[in-house]
Each structure stands twice: as C-alpha cells, then as structure tokens.
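# Structural overview for review
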There are 2 protein chains.
Amino acid sequence: MGTDVRTRLIRVALGDEPADSVVRGARVVNVFTREIGAADVVLAAGRIAAVGDSGEQLVGPDTEIIDAGGRFVVPGLIDPHMHLESSNITVTELARAIVPRGVLSVCEDPHEIANVLGVAGIDLLTAEAARLPLNLFLRVPGRVPAMPADRETSGHAMDLAETLAMLDRPEAVCIGGDINPALLLGADRAQLQKIEATIERDKTVGGQLPGFGGAVLDATLVAGVEDTHVAESPAEVVEQLRKGARVLLTPRIDRLPAEEWPEVVAATERLGLDTRRLVLCTDDIHPNILVSEGHLDQRVRLAIEAGFEPVTAVQMATLNAAELMRIDRHLGSVAPGRFADLVLLDNLEDFSPSMVLYRGEVVATGGSLVDEPPAADSPGWSTGTLQVALPTPEDLALRVDAPDGPVTANAVAFGAPKTMRRVQLQARGGVVGPDGSADVAAIAVLERHHGTGNIGKGFVTGLGIRGGAVASTVNHDSHNVVVVGDSHASMAAAAGAVIEAQGGYAAAVGTEVAAVVPLPIAGLLSPEPLEVVGERLAAVERVLIEELGCSIGYRPIYALNFLCLPNIPDVGFTDRGIILTETMEIIGPLAAAGA
Amino acid sequence: MGTDVRTRLIRVALGDEPADSVVRGARVVNVFTREIGAADVVLAAGRIAAVGDSGEQLVGPDTEIIDAGGRFVVPGLIDPHMHLESSNITVTELARAIVPRGVLSVCEDPHEIANVLGVAGIDLLTAEAARLPLNLFLRVPGRVPAMPADRETSGHAMDLAETLAMLDRPEAVCIGGDINPALLLGADRAQLQKIEATIERDKTVGGQLPGFGGAVLDATLVAGVEDTHVAESPAEVVEQLRKGARVLLTPRIDRLPAEEWPEVVAATERLGLDTRRLVLCTDDIHPNILVSEGHLDQRVRLAIEAGFEPVTAVQMATLNAAELMRIDRHLGSVAPGRFADLVLLDNLEDFSPSMVLYRGEVVATGGSLVDEPPAADSPGWSTGTLQVALPTPEDLALRVDAPDGPVTANAVAFGAPKTMRRVQLQARGGVVGPDGSADVAAIAVLERHHGTGNIGKGFVTGLGIRGGAVASTVNHDSHNVVVVGDSHASMAAAAGAVIEAQGGYAAAVGTEVAAVVPLPIAGLLSPEPLEVVGERLAAVERVLIEELGCSIGYRPIYALNFLCLPNIPDVGFTDRGIILTETMEIIGPLAAAGA
C-alpha cells in the first residue's frame, strides 16, 4: 500500500487524524472467528483503519458517516475462478452486473480471449478493469493454444516468455495448471517448468479435476495443482479436501448440481470436516443466467439453502477464496489493513445488498451502480477478428467419390462424455447429407483467424436439431466458427450471420436467420448492455428449443460451446476434423471401407 | 522442487515407478479435514507421492516398507517463532533435542546473534542447519540494533541493504515487524519501508503485541503486523483473532500461563470461534527446561490438556503454522506433494514419537537421532567476541563527590512492568554501595563489543540477592555484560568469570565463583551438549535461589535476561544507564539534588 497510506492508517487508527468515513452501527460478519458482532468500521485511504467502537475523535468535519442501521456488513465477495467470455460481455458490463450484487473481486481466466488475441486480448480486459470499481485478478492461461497447430488452428499462442511476464504482473495470482490434466500427467516438461516458475513467484497453480480420485488425483496434486473444480459428487469433494486440494464449488447441470449440495453439507457435518478449503466460484455464467439468477451472490444463497451456516457460506466466498489466492492480507475480511470493500445487507440468506463500498467509496445502492461506468473502449483490432469468407452451402458439404448410395460416417455423439458413434447416411449427387429424422446433423468448423480456408466437416448426433441450423464463434478453445444443422443451406445462413456480425451466435430456421447475438469483440464479447445480450441469447435458445426442436432443453448454447472442445473426453471437433481426446489422433468423417 | 522431482512423483503416484518407501497401516491425522483415517503414505524423492491404499504396484524390490502398525502419523511439527539463543545451544544440539520430539521445522528469529555478529552470525546458524534433519526458516530481524547507538552500544548493525538481501533468501519467511511496536506506531519511515519490501516479496510481517487492544491493536495491524505473541489474557486472544491477527500461544509465567489455556479453549467453544489462526510456538526456552519439559511437543500436550481437541492441537502446530509462514504447499500436512516429514506416535496426548522421518528418511527412533549429527563448527571469530577488560570492584563502583552520607538513587524495580523507584542509600568513602538488607542490589552493564570501556552503573530492587552476585552476557538486545550483586567485589568475581569464559552465566557466593555456564559462541551459545548446558544452568539457578536468596523462585536467569531490555516497559538499563522505554531518555543513577 505504500508508506504514505500506511502512515495515514496508523494515524487514523490511533485517533490522531479523522477518518475519511465511518460505517456506524453495523453487524459485522467476522470471517476469522465466524461471529457476528456489532461494530463500527473506520475507513481511510480506501482501507479499513479500525473495527470496533469508533470514538468521536475519529470523526472530523469532513468525515462521512454511513449509518448501517444494524445491517450486516460482509467483505466484498471474491470469485476465485471465472471466465468473463462465458458471459459474452465487457468487463464494464460485468462490473455493472456484479458490483451491486456485492462481488468486488474476480479472478478471470482469460484463456478464451488469449486464444483469439493473445496477450493483447488480456491487456484489453485489465485496462478496462482499472477504471472500474472491481478488483480483476488474472489466472494466467497455462497453455495457449491448448492443441498442437496440426490438430486445431488457433488465433494466437502465448510462449513461455509471455507467460512468465504475465505471471510477474501484480494482478496475476495463479496459473491454469493445464487445460488438459492428462497432458500434465504425462509430465510435459514445458508445462512443469511453468508450474515451477509459478511456485517460485509465490503464486498458485489452478486445476480442474472432475472425476479425479485415487492415484490420478495424487499424481495431479504432486504435479503442483492446488485447487480443483468441479467435483462430480459429494464423495469426490471429501476426497479432494482430504488430499489437501482447495475445492471450488459451482453448480453444474451435469456435475454436482445445487440439488446435491445438501449432501456436501451433510458430509462436512457428519465427518466434522474443516471447511477452510471449500470455496465458491462461478466458472461459466451465461448472460441470461447472470441476469436471472445472479453471480457469486447466487452461490452464497445456494450454499445457505443447502444448509451451510450463513457465516460459513460467507467464508467460502471471501476469506477462503482470499487464502486460496494468497491475497488475504488485502481482501476477504472486514479487518484493519484490508481494502474497504464492504457489502451492506439486510439479511444474509437473501444476499441482496442495499449498499456496496469499493475501496471506501459507495459505488452501488439498491442493486445499481451509483455512477454509470465509463463506456468500454474496443479498439478496431479487437472487433475485426474474423478472417473467413461467407460460406456457400456447397462449401459446407462433405463430398464423396461415389455420387449416390449408403455411407458409414463417424459422428460425435453429444453427452458426458462425448463419444464417437457410427451412423448410416446417404450420399446424393456426391454429397453426404445429414439426416434430421435420425438425429444426425451436419457439423462444420470454419477456421476464422488466419484465412486458411480450413473447414472441418462431419456429423453430430444427440442434439435433435431439425429444420435449421445454429452457428457460433464461442467454440472452445480456439473459437473458430462452428455450425450445426440438418441442411447445408441452413448452415450457410447461420454461419453467414455470425461472420457478418464479426462473431456471435445465430439460429436459422430454414434459410431465414431467426435470431442473432452479435459478439464483435474477439468474436466472444458484446459491447452492449448485459440485459440486451441476455435477451438476445435467450431468443437464440428459444429458437433452438421451440422451433428447431433441440433436445437439450436447458441452456443448449452452453452445450454447443463445449461440444467441439477436444480436451473434454472422449472426442472433439476442430477445423481439422474429429480429434480423439486421449491420443489426439485425427479421425476422418467417414468410416474406412469395410470398417 | 524442480521438474525432475515432480516428474518422479507423478510417475510414482501413477504406479509407473516404485516408491522409495511406504509407511503402511498408519492412522493419518488429516489436518485439512480434522479426521483421523487409516492410510498408507507413499514416499519418493523426499516427498509424499500419495496417501491412500498403496497397491502392490508401488512396491519395487528396493522399496522400503515401514510398518506403522496402526500408529498415528502426524506432519512434522512447525515452530513458527523461536529464539535459539534462549536455549544457549548450537543448531546441532537443537536438532538433537527437538527432531526426536517430532519438531522438524523452526522459524528462528536470530535477533540476538545478529546484534553481536551481524549477518555473519545468522549465516553461522543457517550453514549449520543445512547439514541437519531440520528445516530452519528465518524471521529476518527488523531492527538491529534496536536502540540508537547513543542509548546502547551494540555489536553489529544490519542496514537496509542487508535486511533486503536476507529477505530474498528462500529460508526467510518473515520479518520481525519491530522489536518495539511503539516505534512502529510512530510511523518510522525506514521501518515501514522494510514492511513494504517484505510484503512485496510475499513474505509476512511478524509482531509482538502483548497487552495491545483497541486502537493500538488496530494501528499495529494497519502498520502491517500479521501475527502476535504473547497475549496477556484469553480476552486478548479473542480480540486479536477477531481483528484477523494470527495468534501465537506459548505459556509464560507472567502472561497467559498454561493454567489459563482452558479459558482460551472455553472461549473458542463458547463463541464458536474458528481456530485456523491460532498457532503454537515456543519463543524462548531455556536449555534446562528444554530437557525437562520439551519443545513444541510440550505445547501440543499442553493444548490437549487444556481441552483442545487433539487434532485441533496438531493443526495449531502444523497446518496453521504453515499457513502463517505461507509454506503450506511444502510442509504442515500429510498430503501429496509435501515434504515427507512425518512423526509416528502411539497416541496424540503423550506426543512421544516412536519414529520420525525427515524428507522420507528415518532420522529418529525412540527419542534419539538415528545418526549422530556432524559436530558443529565454530570459527574463531564467533568464539572470541568479548572485547572487555576484567573489572576490578572499583571499576563497578558508583562514585559521588561527597565521601559519606545519604544518597537518593534511581533503581530499576523488577516486575511486569519494570518501573523506576527512588531508593535511599549511603555513600561511604565516595562510593554509593548497594544495600542487600533493603533489597537494593548494584547493577553494572559493561560494554563488551568494541572495548569502549563504557560501564553503566546503578541499582536494582526486587531480586532479593544477598551475599554474592550473578553475571551474564545474555542480556537483551545488545548482550553486553550485566552483573548484579550486593557487593562490588562479588560483582567483579562473577563478571570476571563470564568474561574469562568469553560469555555465559556465572554466580559468585562472596567472591567465590560457585557456578558457570560458558557460552563462548557469540557470548550466547555453548558448543556443549544440551544436557550439559542445561545442568550447568540449573546449577547457576540453584546458587541464585538457594545460596543468594533470589526472590524469583522460577527461572531467575530468564528474568535476568530481560531485566535490562529497554524495549520492555517502563525502563531498561544499558551501558549508558537507565533508559525510559517510552521516551528513550537516559536517566542518571542518582536523583537530582532536591528531587
């Protein structure tokens, strides 16, 4: 904080100088002791100078008095793991959405924008955050791109020097241990060197270990990984805690949904587990869900509903996160010396802040920011990233030598895990068509960073899409254009819409584009208000479900985002074709003759 | 740990290579969850590769099997704050004493040896530790010397550059925030810069805040101090925890003795306090007490006896300390990736290890080291540090102009706090004598580092010494020779004995030296075995109590060590005379005429 600030805080604490402001008559949630106690919180220079009974000597003529009126005061919430790109909004819009909800610190993993724009993309986020009432920390991406170039074409790579330089930034708190833990278990030397470099810098190594237990869990932990999200079961949470991992909880539809959280609570109570290494996070939140359900504040509500003591739930979203990120000297508690990031609430269960202070300033009241944030600045290089021609239906069609007749194709079957399945299709005029009636859609991934013209073509089953197509540039991890449909004409229309918008989501009914979410910043983010983005995304999802009959009834776009990701077992799909997760082998779209 | 070690650990965890050794059939104390569970602990490259059910694939022909036979396995204990110099032994002897007791990591504050020998004295300790089965961490002294040179003559100073260089060492985990918190509260710029430099390096700021509460506590915390020892009462422990301080507990005769620990337990239970920031330490342990009572193992026993759950007591001596020191990735738990520092015990309450492993090797069994450690090496410059002539009785006498008659003197009255008291004495032949019958002893502090010939002379009351004298070179913080007695001849004899020994303790009965503890290394440490040092110290204390009638019945030498320290209120005594703690004013030995 610097010696000047420290000197001022000392003098205010001692009563030698008046405070900048005092939050009077609060019920302070003490995340160190788990108590709730009446206290005044004395603020100066954006920090907390004292907590206790504020005598009159602390109050000068210019000291602002904030009457807490017996409301709860909790530390600003800290989200230790999130992807802004999943919300498809700018940092400015994120701040507008989450600061009034009491979320004042986030650790952003900019893996997606880095794959498109490299370090410049990350700089775009941090520069924007510097103007906002939000602490933006970085989880430095550990592997950009995630795949070798001959398996998938990425927009940018981050080399070792760039990675180390980013780790040296003060806002960098951890590295993404690996996007694909299997690579780490192969003791990839370059990756282990990044881990050593991180630990030497006293920063932490983040992980992602769903389904990891026993030997594989041990091996990943000795590789250096310190935290994990998201466990598949309460038993996995317990095992990971026992092994010393910090366990991040966020509800997923397919893994440890909120309905199963009471079992986590029951396990901690039955076994008498110390919860200090249990942490809440948001990971991926779609814009429409962010509007309707909230952010980390919703995780706190869920944790309390599941049966955690309210103060324990607050610990899981403040002190425990700060300890994980090794920033607990500065954030995560209402205590002398910490930043004056404070949330005032009528009750903890609703977690509906009536006032939010960031570094001692009142920045939100009654669910809205006090001051409209400055408009986000999106330079031209960040908004014109699609280098790909508008495709014709023919461009997207898979051709075979024999003009007509039956063909056996390799299709990606949607599910957890995604699997590869043989499907029977018909060639007509030399083109292998999808078969909507058998739930076999065509898929194409169009390389969009370098104008290579690469198009991976194949088939996908398990989506139930009929009568149209859906296209997207949010397509982990390289974010090439993906389009899925039951006719090449529909696919060309949907893909054309997202290319014309320089990125986004689009749904076509027949060859009519029925809904679009333009995401021109890196093909991932919208400059528009969250509510607009959320409504548009909801519209695309409505078309998908109601008009195209998509069988994924809840957040189908989220499923589509990860459908192609080759790092999630068993198969992925890139501009090079089908990729097997385990071996990284490329598989052609058609089964070999006689196979 | 380096990529080679990490690669080996990954391969062992996965069962691809056999382990170095396996501790089979243990009851592992899990400091993360507070559970005790049956498990095998798989070791390789000095670290823990896996914890769980060790399959046969982990065991090769060269794998050592250690049968735990259902014994408890706990992490090696970590002492986060101690002064080797208080035990008057070498690091080698410390290791011989504490490793078999299960203490495998210590954070040494080398403030004392640094005041005598500077950085070279600290290097002496760390070089010795490198050959021993002990992790020696450093608390970098924050202010050497503690007093300005015109208030007390020290052996060495450590400047800012030396302090920063030491903070950069990997074994340095924290800085001593200030030996005198009052100086910190004055916002001393140089000291605040050291604190900033420490925080920039992601290391911590240690404190010492007895009796600090309310505004003074807040002010010290905003100054950067993160931990504190030793609270004066259970209520102070609670307040310090509430404020976010990490609270170190060690029993003291005068502050929070073990008899009061049940009140701390009762407070944590009644208030439902989270104990994660409660930590055990040893601080100062005399050699004879180390032999008879133990080290951090004794603190664990005390904590359990006081009513803490045994697993909570173990947390307070392992994980909580490791988190305080920010070394919890490496030490403080039995978990994958941590150093294989393990302690096997029949039960937790006795805490009497039957086997101790350091970095995977069995280093102690049944209370003794397996291998005799290499002899400590004490170079000549470290053992000839006393530059002071043998005093005559006349040298120690306080002279006045009037040859005979009553004199009003300023005496230091022993107690907590130490106070200044006026006493009536008699001058005879121009010399003001002590008055044993009125419990007024003479005191002299002889500068011993630079041969200046400075001798501070005065009087002390409250020790009850009659018929002799006691002398010492363990005299915080500058460790000049102090001698106290009821005759100048006795004082000269006792002081002469410690000077001839190049440091130590001595007690004289009349003019006969009745007991000596030679401490030739820096005038603070003995090269002899702990037991020998302990017996000799006990002999000096016996003479003091039984033959000289010293009224401090428990560890009188410990009282003498700190009698002169000017940083402990209200007064101290240096080679310059009486020093008032608060103002640092020098007070003459005689009250001004008419005062």
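We now turn to the structure provided with this report. Here the structure is a predicted model, which means the values were calculated and not measured.

### Quick word on the sheet that holds strand β12 (residues 246-249) of chain A
Residues and elements named next belong to chain A. If you walk across this open sheet you meet the 3 strands as β11-β12-β13, and the pairing is parallel. The sheet is open, and its two borders are formed by β11 (227-228) and β13 (278-280), each paired with just one other strand. Here β11 runs beside β12; their pairing, made up of 2 bridges, is parallel. Considered in β12, the bridge of Asp227 is made with Arg246.

### Topic: the interface of chain A and chain B
The partner chain B presents 64 residues to the 64 residues of chain A that form the contact. Buried area between chain A and chain B, both sides added, is near 5,500 Å², and the carbon and sulfur share of it is 49%. Taken together, the connections running from chain A to chain B amount to 20 salt bridges. The residue Arg277(B) makes a salt bridge to Asp328(A) at a minimum N-O spacing of 2.8 Å. Elements with a minimum of two residues in the side of chain A that touches chain B: α1 (3-13), β3 (47-52), α6 (181-185), α7 (189-200), α8 (214-222), α9 (234-242) and α14 (319-325) of chain A.

### Notes on the relation of the copies chain A and chain B
Once chain A is rotated about the relating axis by 180 degrees and shifted along it by 0.0 Å, it coincides with chain B to within an RMSD of 0.1 Å. Each copy turns onto its partner about a two-fold axis. In terms of C-alpha distance to the rotation axis, chain A has Asp202(A) as its closest residue, with the C-alpha 3.4 Å off the axis. A high fraction, 100%, of the interface residues of chain A reappear at the interface in chain B, so the copies pair face to face through one surface.

### Here we look at empty space enclosed by the protein
All chains considered together, the criterion is met by 16 cavities of 30 Å³ or more. Considering only enclosed or pocket space, the largest cavity measures out at about 350 Å³ in volume. Along the walls of the largest cavity sit 27 residues, with Glu226(A), Arg326(A), Asp328(B), Arg329(B) and Arg338(B) positioned nearest its centre. Of all the secondary structure elements, the ones that give two or more residues to the lining of the largest cavity are α8 and α14 of chain A. Among the residues forming the lining of the largest cavity, the class breakdown is 8 nonpolar, 5 polar and 14 charged. The volume enclosed by the second largest cavity comes to roughly 210 Å³. Lining the second largest cavity are 20 residues, with Arg329(A), Arg338(A), Gly224(B), Val225(B) and Glu226(B) positioned closest to its centre.

### Let's talk about the nonpolar core
Ranked by internal contacts, the top residues of the largest apolar core, which has 144 residues, are Leu134(B), Val237(B), Leu249(B), Leu280(B) and Val484(B). The residues contacting Leu134(B), other than those within four sequence positions of it, are Val91(B), Leu94(B), Ala95(B), Ile98(B), Val99(B), Val103(B), Leu104(B), Ser105(B), Val106(B), Ala129(B) and Tyr358(B). Phe32(A), Val265(A), Val482(A) and Val22(B) belong to the second largest nonpolar core, which has 143 residues in total.

Definitions and cut-offs
- Residues numbered from 1 in each chain as written.
- Chains lettered and ligands numbered in written order.
- Predicted model: local features only at pLDDT ≥ 70, side-chain atom pairs only at ≥ 80, totals over all residues.
- Heavy atoms only, no water.
- Pairing = 2+ DSSP bridges.
- Helix = DSSP H or I, 4+ residues; strand = E, 2+ residues; numbered from the N terminus.
- Contact = heavy atoms within 4.5 Å.
- Buried area = accessible area lost by both parts, 1.4 Å probe.
- Salt bridge = Lys/Arg side-chain N within 4 Å of Asp/Glu carboxyl O.
- Least-squares fit on C-alpha atoms with pLDDT ≥ 70 in both.
- 1 Å grid on protein atoms, 1.4 Å probe; cavity = no way out; pocket = protein on both sides within 12 Å on 5 of 7 lines; lining within 4 Å.
- Points joined across faces, edges and corners; volume = space filled by probe spheres on them.
- Nonpolar A, V, L, I, M, F, W, Y, C, P; charged D, E, K, R; others polar.
- Core = buried A, V, L, I, M, F, W, Y, C linked by side-chain atoms within 4.5 Å.
- Buried < 20%, exposed > 50% of the residue type's maximum accessible area, 1.4 Å probe, protein only.

Such coordinate-based values are descriptive only and should not be taken to indicate function.
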